[in-house]
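As a plain string of letters, each chain reads:
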Amino acid sequence: VESRKMEESMETDDGDDRHLLSVDSIKVIAESIGISALDEEVCKRLTEDLEFRLKEVVQNAIKFMRQSKRRILKCSDIDCSLKVKNIEPLYGFECADYIPLRHTSGGGKTLYYPDDQEMDLISLISTPLPKLPCEVTLRTHWLAVEGVQPVIVENIPPVSLEKQMEQAIAVSLPGEKDVILQSKEVRLDRKRK
């Protein structure tokens, strides 16, 4: 419902001088990048163009939201909309959860801000600190010295080829060990001759 209202408000253009950004905002942005003297008419045209571009990005983002079958517009929808326009996406504005916004009005303007929870500092300070993690340590040892594996605790002792063969046969065919071992021994003897 809210996205439909937003879209309808974007589609209606009354032709009046109300814009998303004021001419003063455009002047401040221009001064921040080093352009000091901008004419009122240029600022007005820039405001109209910027408003058109913003509406276009948001409308495309709403399309992405609807294609995802969601009712909440996310930052990823805006990023996808910017990618469609070949504009580099925004970095650092990803949020998995919905952030509720509250609004307040004064002086003819409405201000939206995130609804932060109030925290009791006394209870926060009085809670005990969690345990520190173990220190990171680094130990080195030789895996092999000149092709020979030293017998130390860190190294797994090598298993002979016969033991490996017996373990593999015991796992694969528990009832036919003797027959397979005899046939393998015969094959090994034939290869040696």
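The paragraphs below set out a description of the structure included in this document.

How each quantity is defined
- Residues numbered from 1 in each chain as written.
- Predicted model: local features only at pLDDT ≥ 70, side-chain atom pairs only at ≥ 80, totals over all residues.
- Heavy atoms only, no water.
- Axes fitted to C-alpha atoms, helices over the stretch in contact; angles between N-to-C directions.
- Helix = DSSP H or I, 4+ residues; strand = E, 2+ residues; numbered from the N terminus.
- Parallel < 35°, antiparallel > 145°, perpendicular 65-115°, else oblique.
- Left-handed = near helix turned anticlockwise from the far one by under 90°.
- Contact = heavy atoms within 4.5 Å.
- Nonpolar A, V, L, I, M, F, W, Y, C, P; charged D, E, K, R; others polar.
- Salt bridge = Lys/Arg side-chain N within 4 Å of Asp/Glu carboxyl O.
- Buried < 20%, exposed > 50% of the residue type's maximum accessible area, 1.4 Å probe, protein only.

### Let's talk about the packing of helix α3 (residues 40–67) against helix α4 (residues 75–84)
Closest axis-to-axis distance for the α3/α4 pair is 8 Å, and the angle between their directions is 120°. Classified by the angle their axes make, α3 and α4 are oblique. The way α3 lies across α4 gives a crossing that is right-handed. For the pair α3 and α4, the contacting residues are Glu56, Val57, Asn60, Ala61, Phe64 and Met65 in the first and Asp77, Ile78, Cys80, Ser81, Leu82 and Val84 in the second. Split by residue class, the contact of α3 with α4 holds eight nonpolar, two polar and two charged.

### Looking at the pattern of salt bridges
Applying the stated criterion across every chain, the model contains seven salt bridges. The residue lysine 27 makes a salt bridge to glutamate 40 at a minimum N-O spacing of 2.5 Å. On the criterion of sequence distance, the pair formed by lysine 27 in helix α2 (residues 23–32) and glutamate 40 in helix α3 is long-range, its members being 13 residues apart. What makes lysine 27 partly exposed here is its relative accessible area of 25%. Look at glutamate 40 and you get partly exposed, because its relative accessible area is 44%. Across the pair glutamate 41 and arginine 45 runs a salt bridge whose closest N-O atoms are separated by 3.2 Å.

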